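Here is how the chains run, residue by residue.
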Amino acid sequence: MKLQNILPAVLFAAVLAPSCTNDDDVQRLTKTDIPVTFSAYAPKAPLTSRAILTSSNLTDFITYGVVDNELLMNEVKVSTKRSKWTYSPLQYYPREKNVNFYSFAPAGITYDKATNASDASTVNNFKNDGTVDLLYGVNLDRNEGNSNVNVYFRHALSQIRFRFLRNAEQNVNATVYTVDLLGTNTTATFAAPQETTTATNKAYGVWSGHKDIKDVNIYHDAGFATTDFARELNNTGILFGIPQDLAMVIDENPAEGAIIRIRARITNKFNGKLLWPDESAPGYDKATGTAYIYYPLWSKDHTKWVSGCVYRYTFNVGIPDAAGFCNDVTVAEYPDFSDLTMGDE
């Protein structure tokens, strides 16, 4: 009879006992009274756009803190105010445990949030609209003995710039109306390195899972008259591309490959007579007297975009071939955002 009385009580207690969750595991860690604090640095770059993040305009980031394969800090927003980085609620270091931090800026990026510790170092399905810089910083093995997390950020995206001038050899005037980027991926997953990022090491992340090829408008206007001096055309604020292999153009098919497509009109430099296009030109528009010119971005010397690099393309605008293609493109590659000086603009 006593056994019968005890058994229901044991079963009832088992039902009431909480299950073991990841949050519970974190809560059961013995905490110190030493808080996790942050500081941040983003490399210098010519401030040709507010979209390029540096220490001077970085205002917030998100961070994940991982301890014993559990999330101690889960997409916590860290913000600066009066040169001090703060967040809420304050988190404290566990006793005698190392914590790994993975930080990404800015805080408003569009991606699939990590749901467990194994995803904390990745930006899953990052959606690039071209106007937002993406920074990453890694700090491994932090603990109560080295409590401040000094995040050294790096650029995860490539900076893409497009300049145009008229073809002096053809003695033409060329007016550009639109500039579109075709055939590149706008969504991918970024995996941060498993090494602390510093000013001197070579800890770089990796992009994978590229998808969502879309046409992206870079510039549109009533018409820009090119000159003998290269001029950057961009009034949409789109400066960044996801690092990726550039697809080749096959058989001058504009539906394949990474391409810059412009809508243009070309006249004789001396008498203003229309030289191109005629009605057979691709994308011919009778109302404006314009058509498309295609410039492949892939070349044997530049087959891909790499994180943290700047690619400045200069297009010589002249009469294209019958299919609308022109290969008169030069590319200047800068290994770091800071290498593109204001004088090069």
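Computed from a prediction, not measured in an experiment: that's the story for all the values here. (Residues numbered from 1 in each chain as written. Predicted model: local features only at pLDDT ≥ 70, side-chain atom pairs only at ≥ 80, totals over all residues. Heavy atoms only, no water.)

What the chain contains, in helices and strands, is two helices and 21 strands. Of all 345 residues assigned to the chain, the portion counted as buried reaches 48%. Just so you have it, the chain exposes about 17300 Å², and 50% of that area is on carbon and sulfur atoms. (Helix = DSSP H or I, 4+ residues; strand = E, 2+ residues; numbered from the N terminus. Buried < 20%, exposed > 50% of the residue type's maximum accessible area, 1.4 Å probe, protein only. Areas by Shrake-Rupley, 256 points an atom, 1.4 Å probe, with all protein chains shown as cover.)

Once that is clear, we can look at the pairing of strand 4 (residues 70–81). Relative to strand 4, strand 3 (residues 60–67) runs antiparallel, the two being bridged by seven bridges. Across the sheet, the residue bridging to Phe61 is Val78, located in strand 4. Remark: two residues form the turn of the hairpin made by strand 3 and strand 4, two consecutive strands paired antiparallel; Asp68 in that turn has positive phi of roughly 50°. Both strand 4 and strand 5 (residues 84–86) contribute to a ladder of three bridges, which runs antiparallel. (Pairing = 2+ DSSP bridges.)

Summed over all chains, the structure comprises five salt bridges. When the shortest N-O distance is used, the salt bridge between Asp68 and Lys97 registers 2.8 Å. Taken together, the residues Asp68 in the loop between strand 3 and strand 4 and Lys97 in the loop between strand 6 (92–94) and strand 7 (99–105) connect sequence positions 29 residues apart. Its relative accessible area of 48% is what places Asp68 among the partly exposed residues. For Arg161, the salt bridge goes to Glu232, with nearest N and O atoms at 2.8 Å. In this pair, Arg161 sits in strand 12 (residues 158–166) while Glu232 sits in strand 15 (residues 231–232), placing the two residues 71 residues apart along the sequence. Across this residue pair, the class does not change: Arg161 and Glu232 are buried. (Salt bridge = Lys/Arg side-chain N within 4 Å of Asp/Glu carboxyl O.)

Right, let's get into the side chain of Ser158. Looking at the secondary structure, you find Ser158 in strand 12. Of the polar contacts made by the side chain of Ser158, one reaches the backbone oxygen of Val306; its length is 2.8 Å. Excluding residues that lie within four positions of it along the chain, Ser158 makes contacts with Leu239, Phe240, Gly241, Pro243, Trp305, Val306, Ser307, Cys309, Tyr311 and Phe337. (Polar contact = N/O pair within 3.5 Å; in protein donor to acceptor, adjacent residues only side chain to side chain. Contact = heavy atoms within 4.5 Å.)

Turning to the environment of Asn143, a few remarks are in order. Counting through the fold element by element, Asn143 comes out in the loop between strand 9 (135–142) and strand 10 (148–152). Along the backbone, Asn143 and Tyr92 are 51 residues apart, and their C-alpha atoms lie at a distance of 9.6 Å. Setting aside anything within four residues of it in sequence, one finds Asn143 in contact with Tyr93, Lys97 and Asn98.

Tyr102, Phe104, Ile109, Phe126, Phe190 and Trp207 are the most contacted members of the largest nonpolar core, which totals 34 residues. The residues touching Ile109, leaving out its near neighbours within four places in the chain, are Ile62, Phe104, Val123, Phe126 and Leu134. Within the second largest apolar cluster, 33 residues are counted, among which are Tyr219, Ala264, Ala291 and Val317. (Core = buried A, V, L, I, M, F, W, Y, C linked by side-chain atoms within 4.5 Å.)

A few words now on a negative patch on the surface. A contiguous patch of negative charge, built from Asp251, Glu252, Glu256 and Asp321, is present on the exposed surface. A residue is classified by how much of its surface remains accessible, and Asp321, at 31% relative accessible area, is partly exposed. (Patch = residues over 30% accessible without salt bridge, like charges linked within 9 Å, V, L, I, M, F, W, Y side chains within 5 Å. Lys, Arg positive; Asp, Glu negative; His and termini not counted. Charge placed at Lys NZ, Arg CZ, Asp CG, Glu CD.)

With that out of the way, let us pick up the sheet that holds strand 3. Think of a sheet as strands paired side by side through backbone hydrogen bonds, with each pair either parallel or antiparallel. Here six strands make up an open sheet; going across it, the order is 5-4-3-7-9-11 and the pairing antiparallel. Bordering the open sheet on either side are strand 5 and strand 11 (154–155), each of which pairs with just one other strand.

Let us now look at the side chain of Asp133. As for its placement among the helices and strands, Asp133 is situated in the loop between strand 8 (122–127) and strand 9. Of the side chains with opposite charge, Arg161 comes closest to the buried, unpaired Asp133, at an N-O distance of 10 Å. Looking at Asp133, its side chain comes within polar contact range of the main-chain nitrogen of Leu53, at 3.0 Å. When residues no more than four places from it in sequence are discounted, the contact partners of Asp133 are Ala51, Ile52, Leu53, Ala105, Pro106, His155, Leu157, Phe240 and Phe337.

Let's shift gears to the environment of Glu75. Counting through the fold element by element, Glu75 comes out in strand 4. Along the backbone, Glu75 and Thr115 are 40 residues apart, and their C-alpha atoms lie at a distance of 9.7 Å. Setting aside anything within four residues of it in sequence, one finds Glu75 in contact with Ile62, Thr63, Tyr64, Tyr111 and Lys113. Engagement of the side chain of Glu75 in a polar contact is seen with the side chain of Tyr111, the distance being 2.7 Å.

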